[in-house]
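# Coordinate inspection notes
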Amino acid sequence: MKRIRICSASEIPVNGMKSYDTSIGVKVLIANAGESYYAYQGLCPHQDVCLDEGFFDGATLTCHQHLWQWDIATGAPVGLAEAPLERYELVHDDGEIFVLQSSALKVSELFKGVSDAAIARLDALARREEYESLSTLYGVGDPADDLYILESGRVEFVIGREDRTSLAGFMLRKGEVFGWAALLEDHPRRIAKAACVEKSTLLRLNGEEVLKVLADEPASGYLVMRQLSTLITKHLRSQGGK
Ligand code: FES
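Computed from a predicted structure; not experimentally measured.

This brings us to the pattern of salt bridges. Following the criterion strictly, the structure yields nine salt bridges and no others. Salt-bridge contacts for Asp93 lead to Arg3; the nearest nitrogen and oxygen are separated by 2.7 Å. Of this pair, Asp93 sits in strand 9 (residues 87-93) while Arg3 sits in strand 1 (residues 2-8), and the two are 90 residues apart along the sequence. The class of Asp93 is partly exposed, set by a relative accessible area of 36%. Here Arg3 falls in the partly exposed class, since its relative accessible area comes to 41%. Shared partners join several salt bridges into a network, and the residues in it are Arg127, Glu129, Asp146 and Arg204.

This part is about the sheet that holds strand 5 (residues 55-56). Strand order across the open sheet formed by four strands is 5-6-7-8, with antiparallel pairing between neighbours. Each edge of the sheet is formed by a strand with only one pairing partner; in this case those strands are strand 5 and strand 8 (77-78). As judged from the three bridges shared by strand 6 (residues 60-62) and strand 7 (residues 69-71), these two strands associate in the antiparallel manner. Opposite Leu61, over in strand 7, you have Trp70 as the bridge partner.

The pairing of strand 4 (residues 36-41) with strand 9 spans two bridges and is antiparallel. Paired with Ala39 across the two strands is Tyr88, which belongs to strand 9. Where strand 9 meets strand 10 (residues 96-101), five bridges bridge the pair, whose relative direction is antiparallel. Bridging from a neighbouring strand, Leu90 pairs with Val99 of strand 10. Where strand 9 folds back onto strand 10 in an antiparallel hairpin, the turn is made up of two residues, including Asp94, whose phi is positive at roughly 55 degrees.

Below, the discussion takes up the sheet that holds strand 16 (residues 177-178). Here we have four strands laid out as an open sheet, ordered 11-18-13-16, and antiparallel in their pairing. Both outer strands of the open sheet, strand 11 (127-131) and strand 16, are each paired with one neighbouring strand and no more. In terms of strand pairing, strand 13 (residues 146-152) meets strand 16 through two bridges, oriented antiparallel. Within strand 16, the residue paired with Tyr148 across the bridge is Phe178. Along the sheet, helix 3 (residues 207-216) makes contact with strand 13 and strand 18 (200-206), crossing strand 18 at roughly 65 degrees.

Attention shifts here to the environment of Gly221. Assignment of secondary structure puts Gly221 in helix 4 (residues 218-239). Placed 16 residues apart in sequence, Gly221 and Arg237 show a C-alpha to C-alpha distance of 24 Å.

On to helix 2 (residues 116-125), then. Three or more residues of helix 2 are buried, namely Ala118, Ile119 and Leu122. The arc enclosing the buried residues of helix 2, seen along the axis, measures out at 100 degrees, which places them on a common side. Opposite the buried face of helix 2, at more than 90 degrees from it, the exposed residues are Asp116 and Ala124.

In this section: unusual backbone geometry. In the Ramachandran plot, Asn15 falls in the positive-phi region, its phi being about 50 degrees despite a non-glycine side chain. Unlike most non-glycine residues, Leu134 shows phi in positive territory, near 75 degrees. You can see Leu134 is positioned in the loop between strand 11 and strand 12 (136-138). Judged by its relative accessible area of 70%, Leu134 is exposed.

Positionally, Ala194 belongs in strand 17 (residues 193-196). A relative accessible area of 0% places Ala194 in the buried class. In the structure, Ala194 is positioned 16 residues away from Phe178 in sequence and 9.2 Å away in space, judged by C-alpha atoms. When sequence neighbours within four positions are dropped, the list of residues in contact with Ala194 reads Ser135, Thr136, Leu137, Tyr138, Val155, Glu156, Phe157 and Phe178.

Formed by 23 residues in total, the largest nonpolar core has its most connected members in Leu105, Leu110, Phe111, Leu147, Ile149, Leu205 and Val210. Sequence-distant contacts of Phe111, defined by excluding residues within four places in its chain, comprise Leu105, Ile119, Leu122, Leu147, Ile149, Val210, Val224 and Gln227. If you look at the next biggest cluster of nonpolar residues, it comprises 18 residues, including Ala33, Leu51, Trp68 and Trp70.

The rules behind each value
By convention here, each chain's residues receive numbers from 1 onward along its written sequence. Reporting of local features is limited, given that this is a predicted model, to residues whose pLDDT is at least 70; pairs of side-chain atoms are given and counted only at 80 or more, and all residues count toward the totals for whole chains, interfaces and linings. To obtain the side-chain values, all non-hydrogen atoms of the structure were included, while hydrogens and water were left out. Salt bridges are defined as contacts in which a side-chain nitrogen from Lys or Arg sits within 4 Å of a carboxyl oxygen from Asp or Glu. Segments assigned H or I by DSSP are reported as helices when at least four residues long, segments assigned E as strands when at least two residues long, and all are numbered from the N terminus. The classification of residues rests on relative accessible area computed with a 1.4 Å probe and restricted to protein chains. Under 20% of the type maximum is buried, over 50% is exposed, and intermediate values are partly exposed. Paired strands, as defined in this entry, are two strands with at least two bridges between them according to DSSP. We call two residues in contact whenever any of their non-hydrogen atoms come within 4.5 Å of each other. To get an axis, a line is fitted to the C-alpha atoms, and for a helix only the part in contact is used. The angle between two axes follows their N-to-C directions and goes from 0 to 180 degrees. Taking the helix axis as origin, the arc is that swept by the directions to the C-beta atoms. To form a nonpolar core, buried Ala, Val, Leu, Ile, Met, Phe, Trp, Tyr and Cys residues must be joined to one another through side-chain atoms within 4.5 Å.

Structure follows, in structure tokens:
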């Protein structure tokens, strides 16, 4: 896991908090509660509001916008909040605060429950690529050789050709997988255009290489195929408007 320096511990007020833009493209909130420091997503999971503009009493963090609250020790929702905070592993070393960047593979829906050995092999195969806003990842009719896992940023999908196009949703949660047609027999061609609508970091894996790893690890392979069928079903339901 990569160690990312965030700040000096002395910059964080006692029982206070501060947020930072980081080199991994996300805002991170650092909070102090006595002897302990915590790192969480810097933006509210409800809407894009900076959490450091809210309130913190050393135990509970409150977003000032609609008063969602979280337990600072766990990130678990309290009261009105409907979603937990994404927590980052934090290291406090010699007065400096770092977070550990975990692989998006670990949190992806498709690879949930896969063995550590298989994750390590997939991680070694993954190419981490950075794209500027408005970069096109693939277009309609392109070969579906690779699948992608979103690490940070936002990707939008458009179906149709030329001026007869319509928006087919977007992805912004770390670990979201798209382009999974690369795992299907005979590699169907892309049926949508995918483009980054903000600066984004993606893990890119070749479908055939992933299938080889899964064939060597049958228990993990079985899980991934089950999770893939769930993803496809979800996708078909959303396309059918059900
Ligand atoms: S934006 Fe934070 S609670 Fe609504």
